[in-house]
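Structural overview for review
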Number of protein chains: 2
Amino acid sequence: MGIVVVGAGLAGLSAARRLVGAGQDVVVLEARERVGGRLEGGEIAGHPIELGGTWIGEGHTAMRALVDELGLATFRTWNDAGSLLVELAGRRSLLAPRKGAVPRLNPVALADLAQGMARFDRLARSVDPGRPWSHPRSGRLDGQTFETWVRRNLRTPSGRAYFRVATEAVFSADTTDISLLHALFYAVSNGDLETLLAVDRGAQQDRVVGGAALVAERLAEGLDVRRGRPVDLVAQDASRVAVRTRDGETFSAEHVVVAVPPTLAGRLRYDPPLPAWRDQLTQRVPAGAVIKTFAAYPTPFWRDRGLNGQVASDVGPVKVTFDVSPPGGEVGVLLGFVEGGEARRWQRLDADERRSSVLACFERYLGPEAAAPTAYLEKDWTAEEFTRGCYGAFFAPGVWTGYGPVLREPVGRVHWAGAEHAVEWNGYMEGAVRSGLVTADRILAAT
Amino acid sequence: MGIVVVGAGLAGLSAARRLVGAGQDVVVLEARERVGGRLEGGEIAGHPIELGGTWIGEGHTAMRALVDELGLATFRTWNDAGSLLVELAGRRSLLAPRKGAVPRLNPVALADLAQGMARFDRLARSVDPGRPWSHPRSGRLDGQTFETWVRRNLRTPSGRAYFRVATEAVFSADTTDISLLHALFYAVSNGDLETLLAVDRGAQQDRVVGGAALVAERLAEGLDVRRGRPVDLVAQDASRVAVRTRDGETFSAEHVVVAVPPTLAGRLRYDPPLPAWRDQLTQRVPAGAVIKTFAAYPTPFWRDRGLNGQVASDVGPVKVTFDVSPPGGEVGVLLGFVEGGEARRWQRLDADERRSSVLACFERYLGPEAAAPTAYLEKDWTAEEFTRGCYGAFFAPGVWTGYGPVLREPVGRVHWAGAEHAVEWNGYMEGAVRSGLVTADRILAAT
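Here is a short report on the structure shown in this document. Please read these numbers as outputs of a predicted model, since none were measured by experiment.

1. Regarding the pairing of strand β12 (residues 250–253) of chain A
All names here are of chain A. When strand β11 (residues 241–245) meets β12, the two strands line up antiparallel, connected through 4 bridges. Residue V243 lies in a different strand from β12, and its bridge partner there is F251. Taking the residues between adjacent antiparallel strands as the criterion, β11 and β12 are bridged by 4 residues, where G248 takes a positive phi near 95 degrees.

Shown next, in the form of structure tokens:
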């Protein structure tokens, strides 16, 4: 056998598919009984939903190509007939859900927010997403938290609140946690801040009919995927690499692609042990904290009320919502995100408190009908043994400049893949696929 | 059997000793063939040296008590007959090595440094080391890097350089990496910044005759320590906990004390998996990066030259040195630290480049004799599979406020210990011992 892939998420499966297409023998070892990694199909009120990764953005060409090749279809995220509700610093506004729309704030706050966004995007465009550490002022940009930048560059409570909510929504971490350089890198890797936040022409534009996990499931169909096989040891010498599963079976190969989140890649045992720089890197890129909550209703009633189901609020625990009803709108399904610090506090509540705190948010945002869903469910990605946080890893201050150059560097016969390794569309399904393809191509070029 | 301790460092051994003293059956499982964890004995030119933890500070009462009980002795770190060399912002000065001494800088820089240190210590005294997250401005203090504070509060290049070198020396991390709240917590946990940096009446005051690792070795003598037994699974139910070693043996107990560095505690497998908050905590407290380098000379020649062998410089790779000659001064042994970003760059050089870059520093600091040692050695703690960085873990921005409250919280029958868990003398041998004793007492109170 030629190559072992550890992890049957989009990155691992995409790498495996390309390698098989090039004539390689490939075995994919997956810890769970299902494929998909951070993609998982669920169901509410008889309709499919995404418990994990959901959206395909406008420029996500690799995902679009995959969807086509696998015989799947996409549909537009609901974004019509209604306004986005924004609640910032105690003030509510409704706005048209088009890209470029800004909340209706007082003129001072609006000017502040506009200059802040322009300044952020200008700075982001100066960062090379393939080499953030090479920026002429990288030490300065990576030596401060995004919170420090927000405090220094936004003057109004609303302007600051907007950046903080946006950060939670995009990074599932707080402005205090991530480095400014990481925020800039991530924005430019994904176009710009607006693209990250937008539905139409943005990162949340489309969904897969039947659920995004179908992409992973269809990808796996043509591959030799061994489910329920957690890996516990990756041993290499000059000529081979041996990958051992917890149940004691060993798979010998020329190369291995470790396609699991960085924090989990760092927990595998390696023989010889990984070099210091690689181990210290994975100690420093924790996964964000996010819980997805869903409530189903007989109809997407908010649509009749001039609301499109999208909310951005600075009052938690749910600060961001989306309408994730099935394409035909047969039932209404609302998705609420609980992220960062909110997730930490919320996950320690008991089940009743968690549910009632979420529904209280939904009710405040969309009206009294939201208090009584026909079904409710939640998915805490930080509690998943084989993920340990979503959407992805973030870089704290000092990490891009200290360890960025070794992020994508193989260690002998051990190669890395995953959404965190992507230069473009980092952190998204698109980034995962591209990262898998890049890693596969590098291996093919070397064999 | 009553209790299993994972890890035979000072924390684990101290916990085990107290538990045994209270009549409990205790087995200590140690991954390595030696005890001591971050303490390790070495030898250069026929004399013992500490490859890891070295010093006992003035207020380190638990360590002093242990040294006495174990029949060991201490001696003073060499701090006489000569000056400390300080090299900051291109300017050299010599100063008396007493606590409170400050480098001879130009008057503006001196005033700047003095106000910066006073301001830092005043702020540090407002932090409760047992509950840093409870500070009234904890969000603000933890939302910025220490570097941000240094830039805002020090105005001169020398003043900033001093804080950066001090941070590397104390945290084996850069000002860009750690949160301001962590810097403040650590200072107050260890007295104040001057105590952390000082020899006489400070954290580097005394050494153990024969080497600090003797403390761990003597502690282990009275205990049931199983060496070479890495743990791979900690499984608990309502009534027992089972700790399995890699070779498949299972030790059943009422409680387990996991006394390994946080980043390694997070890599063990737990059944049921650890709750989200605990796992996300250990993802966020990476170990610092430090390499210890040693050179031996026929005599401690610097002492005849008005130098005491202590250097603090802002030019790497070695920025901090100490005279660690044996008590009688029979030979001269110089210790040089390579830390933080310097360690990352340096460890990727080949062996000859590493050695020559260190000796070039020693020569620049102490004179031409330093270029030709009779022996040279280095110890890279980040490359150690069962440590993965020293001196200890640091807290990046957002981590104390987000996860501090769960740091010392047991998970069912699983308890935590180690220098990172100490309220007082956090990060030092003293903190490790105290943490072990506190954890043992908590278990005894519960059984």
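From this point on, the discussion continues.
2. Concerning the relation of the copies chain B and chain A
Copy one and copy two of the chain differ by a rotation about an axis and a translation along that axis. Between chain B and chain A, which share one sequence, the superposing operator has a rotation angle of 180 degrees and an axial displacement of 0.0 Å; the RMSD is 0.0 Å. Expressed as an axis order, the relation between the two copies is that of a two-fold axis. No C-alpha of chain B lies nearer the rotation axis than that of R267(B), which sits 2.5 Å from it.

3. Side note on the sheet that holds strand β1 (residues 3–6) of chain A
All names here are of chain A. Read from one edge of the open sheet, 5 strands run β9-β2-β1-β13-β20, paired in parallel fashion. Of all the strands in the sheet, just β9 (225–226) and β20 (414–416) have a single pairing partner and so form its edges. Note that strand β2 (residues 26–29) and β9 share 2 bridges and pair parallel. From the neighbouring strand, L29 faces β9, where its bridge partner is R226. The strands touched by helix α1 (residues 10–21) within the sheet are β1, β2 and β13 (255–258), with β2 carrying the most contacts at an inclination of about 170 degrees. On top of the sheet, helix α15 (residues 429–446) reaches β1, β13 and β20; it is set at about 150 degrees to β20, its chief contact.

4. Considerations on the sheet that holds strand β9 (residues 225–226) of chain B
Residues and elements named next belong to chain B. Strand order across the open sheet formed by 5 strands is β9-β2-β1-β13-β20, with parallel pairing between neighbours. Strands at the two margins of the open sheet, each flanked by one partner only, are β9 and β20 (414–416). Here helix α15 (residues 429–446) sits on the sheet and contacts β1 (3–6), β13 (255–258) and β20; the angle it forms with β20, its principal contact strand, is near 150 degrees.

5. Observations regarding unusual backbone geometry
Phi is mostly negative for residues that are not glycine, and the peptide bonds are mostly trans. Backbone torsion omega between G316(A) and P317(A) reads 5 degrees, so that peptide bond is classified as cis. As for its placement among the helices and strands, P317(A) is situated in the loop between β16 (307–313) and β17 (318–323). Residues D271(B) and P272(B) are joined by a peptide bond in cis, for which omega reads 0 degrees. Examined against the element boundaries, P272(B) turns out to sit in the loop between β14 (269–271) and α11 (276–283). We note that W425(A) has phi near 60 degrees; this positive angle belongs to a residue other than glycine. Inspection of the secondary structure puts W425(A) in the loop between β20 and α15. Exposure remark for W425(A): the 26 C-beta atoms within 10 Å place this residue in the buried category.

6. So, the interface of chain B and chain A
Every contact between the two is made by 35 residues of chain B and, on the other side, 35 residues of chain A. The class makeup of the residues in the side of chain B that touches chain A is 9 nonpolar, 14 polar and 12 charged.

7. What about helix α2 (residues 61–69) of chain A?
Because the α-helix completes a turn every 3.6 residues, residues three or four places apart line up on one side. All names here are of chain A. Those residues of α2 not exposed but buried are A62, M63, L66 and V67. On an axial view of α2, the arc spanned by its buried residues comes to 135 degrees, and they lie on one face. Exposed and facing more than 90 degrees away from the buried side of α2 are A65, D68 and E69. Looking at the packing, one finds that the buried side of α2 touches β5 (74–76), β8 (206–208), α9 (213–221) and α15. The first or second residue beyond α2 is G71, which carries a positive phi of 75 degrees.

Basis of the calculations
Residues numbered from 1 in each chain as written. Chains lettered and ligands numbered in written order. Predicted model: local features only at pLDDT ≥ 70, side-chain atom pairs only at ≥ 80, totals over all residues. Pairing = 2+ DSSP bridges. Helix = DSSP H or I, 4+ residues; strand = E, 2+ residues; numbered from the N terminus. Least-squares fit on C-alpha atoms with pLDDT ≥ 70 in both. Contact = placed C-beta atoms within 7 Å. Axes fitted to C-alpha atoms, helices over the stretch in contact; angles between N-to-C directions. Buried ≥ 20, exposed ≤ 12 C-beta atoms within 10 Å, placed from the backbone. Nonpolar A, V, L, I, M, F, W, Y, C, P; charged D, E, K, R; others polar. Arc of directions from axis to C-beta.

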